Amino acid sequence: MDVEISELSFAYALMEEIMGSIESEADVTSLGSGLFDWVSLDSDEMRRGISVFLHFKRPELMVMATAAEWEDYGKPYFRITIPRRVKSNIHRMLRSVAKLEPATFYVVPLFQSQQELDRLHLMRGIMGATAFIPASLLANIDDKEHHITGTNPADLKLDGEPLEGVLTGDMFTAEVLSQLADDQRLALINRGYLQRQYRTLHTAIFPGSAADPASDSASIADAISRLMRIYLGGETLVVMRK
């Protein structure tokens, strides 16, 4: 059974909630928003921070007792499929990005309807009903089809085995802020940094091809956002120390 929520509506509402949960302790922006003064990054101003890559993945809601994992739950449950590589290269690309950027996540809404999305948005509860699955947790799976199942972020399983390390709600916020507090994790957020991020994504998406990023920060940020939206079904956040 298809989950009825609009993936685009979910993405925008979630991004707004993430930004609101962090903004008192850090400056955060979506690269495609156009809200940040990227021109300042072409100057000598020192901004240090991290990137967070989000791949939005809408699940199926399994409601029939004939579903493969029904015996594990005995009630309706959610399932996302990581397809075989011959069907989709997204997991390979995310795995490549995660090797350089630890904050790379599968982002899965574990609710069904647009009405639930509207209610959670008003209550600022979308993050608490969403699973943030670090792509690094799935780094060692092979190129066959795999399933992640569960009824809530705390009980997810990968091919029937418990999937440890999934984040949700305040746990996700705490993880992002923890990485931001790690001096060894930080990078200088400037034009050169954005150019490296663009090359990382371009190489993951188009192996073996050369990448020639634009010369100004705003254009590079837009190019990164286009790559994420078109090829990886997601968004990039840049989180910076105040």
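Everything that follows concerns the structure shown earlier in this document.
Now for a look at the structure at hand. Computed from a predicted model, the values in this text were never measured in an experiment. (Residues numbered from 1 in each chain as written. Predicted model: local features only at pLDDT ≥ 70, side-chain atom pairs only at ≥ 80, totals over all residues. Heavy atoms only, no water.)

**A closer look at helix 7 (residues 217-231)**
If you check helix 7, its first and last C-alpha atoms are 21 Å apart, about what 15 residues at 1.5 Å a residue would give, namely 21 Å. Tucked into the core, helix 7 has its buried residues touching strand 2 (48-56), helix 6 (191-205) and strand 11 (234-241). Once helix 7 finishes, glycine 233 follows within two positions and takes phi at roughly 55°, a positive value. (Helix = DSSP H or I, 4+ residues; strand = E, 2+ residues; numbered from the N terminus. Expected span 1.5 Å × (residues − 1). Contact = heavy atoms within 4.5 Å.)

**A closer look at empty space enclosed by the protein**
Scanning all chains against the criterion turns up two cavities of 30 Å³ or more. Volume-wise, the largest cavity comes out at about 80 Å³. Along its surface, the largest cavity is lined by Ile82, Pro83, Arg85, Ser88, His91, Arg92, Arg95, Asp142, Asp143 and Lys144. Broken down by element, the residue count for the lining of the largest cavity peaks at three residues, all from helix 3 (residues 90-100). In terms of residue class, the lining of the largest cavity is made up of two nonpolar, two polar and six charged. For the second largest cavity, the full set of lining residues is Pro59, Phe78, Arg79, Ile80, Val108, Leu110, Ile133, Ile148, Thr149, Gly150 and Leu156. Across the lining of the second largest cavity, the residue classes break down as eight nonpolar, two polar and one charged. (1 Å grid on protein atoms, 1.4 Å probe; cavity = no way out; pocket = protein on both sides within 12 Å on 5 of 7 lines; lining within 4 Å. Points joined across faces, edges and corners; volume = space filled by probe spheres on them. Nonpolar A, V, L, I, M, F, W, Y, C, P; charged D, E, K, R; others polar.)

**Let's talk about the sheet that holds strand 9 (residues 161-162)**
Strand-to-strand pairing in sheets goes through backbone hydrogen bonds, with the strands running parallel or antiparallel. Strand order in this open sheet of five strands is 3-4-7-8-9, and the pairing throughout is antiparallel. Of all the strands in the sheet, the pair left with one neighbour each is strand 3 (60-62) and strand 9. Pairing geometry for strand 4 (residues 77-82) and strand 7 (residues 146-150), over five bridges, is antiparallel. Residue pairing across strands places threonine 81 opposite histidine 147, the latter belonging to strand 7. (Pairing = 2+ DSSP bridges.)

**Quick look at the nonpolar core**
If you look at the biggest cluster of nonpolar residues, it comprises 38 residues, and the most contacted ones within it are Ile133, Leu138, Ile148, Leu156, Leu163 and Leu201. At the level of elements, strand 4, helix 3, strand 5 (104-109), strand 6 (130-134), helix 6, helix 7 and strand 11 are the ones that each hand at least two residues to this core. Filtering out sequence-adjacent residues up to four positions away, leucine 156 remains in contact with Leu110, Ala131, Ile133, Ile148, Thr149, Gly150, Glu161, Pro162, Leu163 and Val166. Listed in part, the 33 residues of the second largest apolar core include Ile50, Phe105, Leu117 and Leu177. (Core = buried A, V, L, I, M, F, W, Y, C linked by side-chain atoms within 4.5 Å. Buried < 20%, exposed > 50% of the residue type's maximum accessible area, 1.4 Å probe, protein only.)

**Section: unusual backbone geometry**
If you check the backbone angles, arginine 124 has positive phi at about 55° while not being a glycine. Relative to the helices and strands, arginine 124 resides in the loop between helix 4 (114-123) and strand 6. According to the relative accessible area criterion, arginine 124 is partly exposed, its value standing at 44%. Even without being a glycine, aspartate 159 presents a positive backbone phi close to 50°. Along the chain, the position of aspartate 159 falls in the loop between strand 8 (157-158) and strand 9.

**Some thoughts on the layout of surface pockets**
The volume enclosed by the largest pocket comes to roughly 270 Å³. Taken together, 15 residues form the lining of the largest pocket, with Leu8, Ala11, Tyr12, Phe56 and Glu235 sitting closest to its centre. Elements represented by at least two residues in the lining of the largest pocket include exactly helix 1 (7-22) and strand 11. With seven residues, helix 1 is the single largest residue contributor to the lining of the largest pocket. Of the residues contributing to the lining of the largest pocket, the split by class is six nonpolar, five polar and four charged.

**Examining helix 5 (residues 170-181)**
Residues that lie three or four places apart on an α-helix share one face, since the helix turns once every 3.6 residues. In this model helix 5 runs 16 Å from its N-terminal to its C-terminal C-alpha over 12 residues, within 8% of the 16 Å that 1.5 Å per residue would give. Those residues of helix 5 not exposed but buried are Phe172, Thr173, Val176, Leu177, Gln179 and Leu180. Each buried residue of helix 5 sits inside an arc of 155° when the element is viewed along its axis, so together they form one side. Counted as exposed and oriented over 90 degrees from the buried face of helix 5: Asp170 and Ala181. In this structure, the buried side of helix 5 is in contact with helix 1, strand 1 (26-30), strand 2, strand 5, strand 6 and strand 11. (Arc of directions from axis to C-beta.)

Take it as geometry only, folks, not as evidence of what the structure does.
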